[in-house]
Amino acid sequence: MRIVLILPWFASGGVLRKALQVAVGAPSGWQVNIVSIFSQNDSTSLGAELSTNKPLRLGFRFPEEKGVVETALYHTIRSLSPDVVQSMHVCSDVCAVPAAVAAGVPLVVRGVYGITQLSHKDNYRRTEVRYDWDSRQIDQERDIDSACHLTVAVSAELALRLGGYGLSSDKIVVIHSGVDIREFTAASTNSQKRRTLKQRLGIPLNKKVVGIIGRLDACKNPFEALHVYSRSTLLKKESVLLYLGDGPLRSAVEAQAGKEAPGLVFFAGEKAFHEVPHYLSLADIVMMLSRTEGLPYVLIEAMAMGIPVVATAVGGIPEVITDQVDGFLCNAGDASAQCALEHLVNDPKSRRLVGSRARNTVRTRFDVRETLNAEFRHFRKRL
């Protein structure tokens, strides 16, 4: 059996993370090919992540005329003769789904990992983002839905929203994101590596670290996280803030950090996937104040390492965190995030307890081996 995964580009993030998981962890008997349409934002580290299965890059510039891309995808799909084609992003759906249908693929699937609409005003750089679909996008999504056979949503909240837009509920299945718990457990116990990375970044060894992990764009709301930290005398006294990731807002966030919390905010930049567990282990607490989410990998990865997470109650996050049990939920703009962070910084026993419960949540519900097996069971059922 062969599955072809189609991405708009090889940019680091949840969609690429999922594609790599499928490539290396697909059940026995499945061959996996990954295809990217556009050349923007290509990850230079991808070769190391896929040493045994080289991806195919079509190399178009974004945006490209739909018919040109669709034709190229049609011929690529025909040459691979897959049993399943899965489009992994709204920016690839519009071309990948009709191309796969035209190529006669038995099962055409799309994965939906969030609902946003990029703006052409900033050249689609995610400094401006809509957090729902406008009427034109909804019509396009309905056309795609009518053509494909199955939609995989990463959260129940996302599945409900898709149904609300008029997509076929009987085609939608919910498969949560998962992580390799062994990978993150190993990194969490490597104290020497953690010390070395702190020294490399210039982080004082006696300070707690509040980590903000993810792309620095409008969706992730990086300025709000900075404001929450800088308003707290306790947080600034006992901890530092660490941004792990890159994006179009980085320079602006760096400039604002210099004004609000000089000398207390550190930027590690974007890291290859195999490096993420080690850098994530630097955090004593993770703060996620996203405006919108599907079900973010970094949430599950932090919890797998026993790191307490303070996160906005958006998207699928409340399907993972039970408030004040294995993490803390908050609303953007209110005082609850600051209160939770101050509590965790000030109370090591609570950090350990919440972290232990978080690790157990991931172990029992979000093991990548189980989530991938569940997804492929749905594929086999429909073939």
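For the structure itself, look to the data block above.
As the structure is a computational prediction, the values presented were derived from the model and not from experiment.

What should I look at first to understand the packing of aromatic side chains in this one?
Aromatic ring pairs: the centre-centre distance and the angle between the two ring planes describe each pair. For the structure shown, the criterion picks out 5 aromatic pairs. Ring plane angle 45 degrees and centroid distance 6.0 Å describe the contact between tryptophan 9 and phenylalanine 38, whose orientation is recorded as tilted. Of this pair, tryptophan 9 sits in the loop between β1 (2-7) and α1 (14-25) while phenylalanine 38 sits in strand β2 (residues 31-38), and the two are 29 residues apart along the sequence. Both residues of the pair, tryptophan 9 and phenylalanine 38, count as buried. Judged by centre distance (5.2 Å) and plane angle (70 degrees), the ring pair of phenylalanine 376 and phenylalanine 379 falls under edge-to-face. Here phenylalanine 376 pairs with phenylalanine 379, and both are found in helix α16 (residues 368-382), just 3 residues apart, close to one helical turn.

What is the right way to read the environment of phenylalanine 366 from this model?
Structurally, phenylalanine 366 can be placed in the loop between α15 (348-365) and α16. Look at phenylalanine 366 and you get buried, because its relative accessible area is 0%. Along the backbone, phenylalanine 366 and histidine 176 are 190 residues apart, and their C-alpha atoms lie at a distance of 7.2 Å. Beyond its immediate chain neighbours, meaning those up to four positions away, phenylalanine 366 contacts His176, Ser177, Gly178, Val179, Ile300, Glu319, Val320 and Thr361.

Looking at this structure, how should I read the pattern of salt bridges?
Side chains bearing opposite charge may pair, as long as their charged atoms lie close to each other. A full pass over the atoms with the stated rule returns 12 salt bridges. Close ionic contact of arginine 17 with glutamate 183 constitutes a salt bridge, the shortest N to O distance being 3.9 Å. In this pair, arginine 17 sits in helix α1 while glutamate 183 sits in helix α7 (residues 181-188), placing the two residues 166 residues apart along the sequence. What makes glutamate 183 partly exposed here is its relative accessible area of 28%. A salt bridge links lysine 18 to glutamate 375, with the nearest nitrogen and oxygen atoms 2.7 Å apart.

Would you explain the sheet that holds strand β11 (residues 239-244) in this entry?
Strand pairs in the sheet, formed through backbone hydrogen bonds, run parallel or antiparallel to each other. Spatial strand order, β12-β11-β10-β13-β14-β15: 6 strands in an open sheet with parallel pairing. In this open sheet, the two edge strands, each paired with only one partner strand, are β12 (265-267) and β15 (328-330). Within the sheet, the average angular offset between the axes of one strand and its neighbour, ignoring direction, is 25 degrees. In this sheet, strand β14 (residues 309-312) lies alongside strand β13 (residues 285-288) in parallel orientation, the contact comprising 3 bridges. Bridge pairing links methionine 287 to valine 310 in β14. Strand contacts of helix α9 (residues 222-230): β10 (208-213), β11, β12 and β13, with the helix running at about 175 degrees to β11, the strand carrying the most contacts.

Is there a simple way to think about the sheet that holds β1 in this case?
Judged by pairing direction, the sheet is parallel, and its 7 strands sit side by side in the order β3-β2-β1-β4-β5-β8-β9 without closing on themselves. Either end of the sheet is taken by a strand with one partner, and the two such strands are β3 (56-60) and β9 (172-174). Ignoring which end each strand starts from, the neighbouring axes of this sheet average 20 degrees apart. Relative to strand β4 (residues 84-87), β1 runs parallel, the two being bridged by 4 bridges. Bridge assignment links isoleucine 3 to a residue of β4, and that residue is valine 84.

What counts, and where the lines are drawn
Residues numbered from 1 in each chain as written. Predicted model: local features only at pLDDT ≥ 70, side-chain atom pairs only at ≥ 80, totals over all residues. Heavy atoms only, no water. Phe/Tyr/Trp six-rings, centres within 6.5 Å; stacked < 30°, edge-to-face > 60°. Helix = DSSP H or I, 4+ residues; strand = E, 2+ residues; numbered from the N terminus. Buried < 20%, exposed > 50% of the residue type's maximum accessible area, 1.4 Å probe, protein only. Contact = heavy atoms within 4.5 Å. Salt bridge = Lys/Arg side-chain N within 4 Å of Asp/Glu carboxyl O. Pairing = 2+ DSSP bridges. Axes fitted to C-alpha atoms, helices over the stretch in contact; angles between N-to-C directions.

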